[in-house]
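# Analysis of the macromolecular model
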Amino acid sequence: MTVRVLVADDHAAVRSGIVLILDGHDDIEVVGQAEDGERAVAMARDLRPDVVLMDIRMPRLDGISATRALSGITDVLILTTFDLDEYVFGALRAGAAGFLLKNTDADGLVEAVRVVARGDGLISPAVTRRLIAAFRGAAPPRGPVPEVGGLTPREREVLACIGRGLSNAEIAVELDMAEATTKTHVSRLLNKLGLRSRVQAAILAQELSPDQP
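Residues numbered from 1 in each chain as written. Predicted model: local features only at pLDDT ≥ 70, side-chain atom pairs only at ≥ 80, totals over all residues. Heavy atoms only, no water.

### Observations concerning the sheet that holds strand β3 (residues 51-55)
The five strands lie next to each other as β2-β1-β3-β4-β5, forming an open sheet whose pairing is parallel. Looking along the sheet, the strands with just one partner apiece sit at the ends: β2 (28-34) and β5 (98-101). Taken over all neighbouring pairs, the strand axes of this sheet differ in orientation by 25° on average, direction set aside. As paired elements, strand β1 (residues 3-8) and β3 share four bridges and run parallel to each other. Bridge pairing in β3 links Leu 6 to Val 52. (Pairing = 2+ DSSP bridges. Helix = DSSP H or I, 4+ residues; strand = E, 2+ residues; numbered from the N terminus. Axes fitted to C-alpha atoms, helices over the stretch in contact; angles between N-to-C directions.)

This is the structure in structure tokens:
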């Protein structure tokens, strides 16, 4: 399956570099480029890419607002210069599927696009713990924790695995079920909990974990 990607960045040179890297792979197709957030939202709604690579600091509409506008339409992978800054926290609350630093090498960029396109979170278990700790310290107070009582026992198990940073494939192995079934459980639990992304589910799972303070 070919992964269709939209690249949104206000710097033409950055966009060109990303496109050059992605177009070198047969399983990835860049379907469009946007120079600002408003254009990114309009193009994503029209083209329906599998993944939008979204810069945060852009004119007309910033990447966080654009990500929020695209929630439920496509997966957004945020591009940022700084690790765990307030822009990243805002993007995660807006529903970004993950984030990628701009100094990531070409192989890392390509793999990140593939990971997000598969429906998996981008963040490894170790980084997930660091992200959650920083998110708690830097993010504004959250609203009420979503009610998990409506989840099935299997969905609760899947949520716990997401909190540990496991991919769909890893969850399928651990819980002894097909990867397609795992994806269905992830989608259903996100809908039941009113969450926009897998990253938000990971944060919630950590908050609900008895091992947390």
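### Focus on the pattern of salt bridges
By the definition in use, this model includes nine salt bridges. The salt bridge partner of Asp 36 is Arg 60, with a shortest N-O separation of 3.2 Å. Placement of the pair is Asp 36 in the loop between β2 and α2 (37-47) and Arg 60 in the loop between β3 and α3 (63-69), with a sequence separation of 24 residues. Its salt-bridge partner being Glu 111, residue Arg 118 comes within 3.9 Å of it at the nearest N-O pair. By relative accessible area, which is 36% here, Glu 111 ends up partly exposed. (Salt bridge = Lys/Arg side-chain N within 4 Å of Asp/Glu carboxyl O. Buried < 20%, exposed > 50% of the residue type's maximum accessible area, 1.4 Å probe, protein only.)

### Some points on the packing of helix α7 (residues 153-163) against helix α10 (residues 198-208)
For the pair α7 and α10, the least separation of the axes is 7 Å and the interaxial angle reads 100°. Viewed along their axes, α7 and α10 adopt a mutual orientation that is roughly perpendicular. Listed contacts from α10 to Leu 159, Ile 162 and Gly 163 of α7 are Arg 198, Ala 201, Ala 202, Ala 205, Gln 206 and Leu 208. Split into classes, the residues belonging to the contact of α7 with α10 amount to six nonpolar, two polar and one charged. (Parallel < 35°, antiparallel > 145°, perpendicular 65-115°, else oblique. Contact = heavy atoms within 4.5 Å. Nonpolar A, V, L, I, M, F, W, Y, C, P; charged D, E, K, R; others polar.)

### Comments concerning the pairing of β3
Most of β3 is tucked away: five of the five residues are buried. Side-chain alternation along β3 places Val 51, Leu 53 and Asp 55 on one buried face and Val 52 and Met 54 on a second face that is also buried. Pairing between β3 and strand β4 (residues 75-80): five bridges, direction parallel. Bridge pairing links Met 54 to Ile 78 in β4. Between the parallel pair β3 and β4, the chain is carried across by α3, and the sense of this crossover is right-handed. (Right-handed = clockwise from strand over helix to strand, strands pointing away.)

### What about the pairing of β2?
Bridging between β1 and β2 involves six bridges; their strand directions are parallel. Within β2, the residue paired with Arg 4 across the bridge is Glu 29.

### Considering the environment of Gly 163
Along the chain, the position of Gly 163 falls in helix α7. Take Gly 163: its relative accessible area is 3%, and that puts it in the buried class. Separated by 39 residues in sequence, Gly 163 and Ala 202 place their C-alpha atoms 4.0 Å apart.

### Description of helix α1 (residues 12-22)
Considered for burial, the residues of α1 that qualify are Arg 15, Ile 18, Val 19 and Leu 22. Looking straight down α1, one finds its buried side chains confined to an arc of 100°; they lie on one side. Exposed and facing more than 90 degrees away from the buried side of α1 are Ala 13 and Leu 20. As for α1, its buried residues are in contact with β1, β2, β3, β4 and α5 (106-117). (Arc of directions from axis to C-beta.)

### Some details on the side chain of His 185
Its place among the elements puts His 185 in helix α9 (residues 179-193). Look past the residues within four positions of His 185 in its chain and what remains in contact with it is Arg 154, Glu 155, Val 158 and Met 177.

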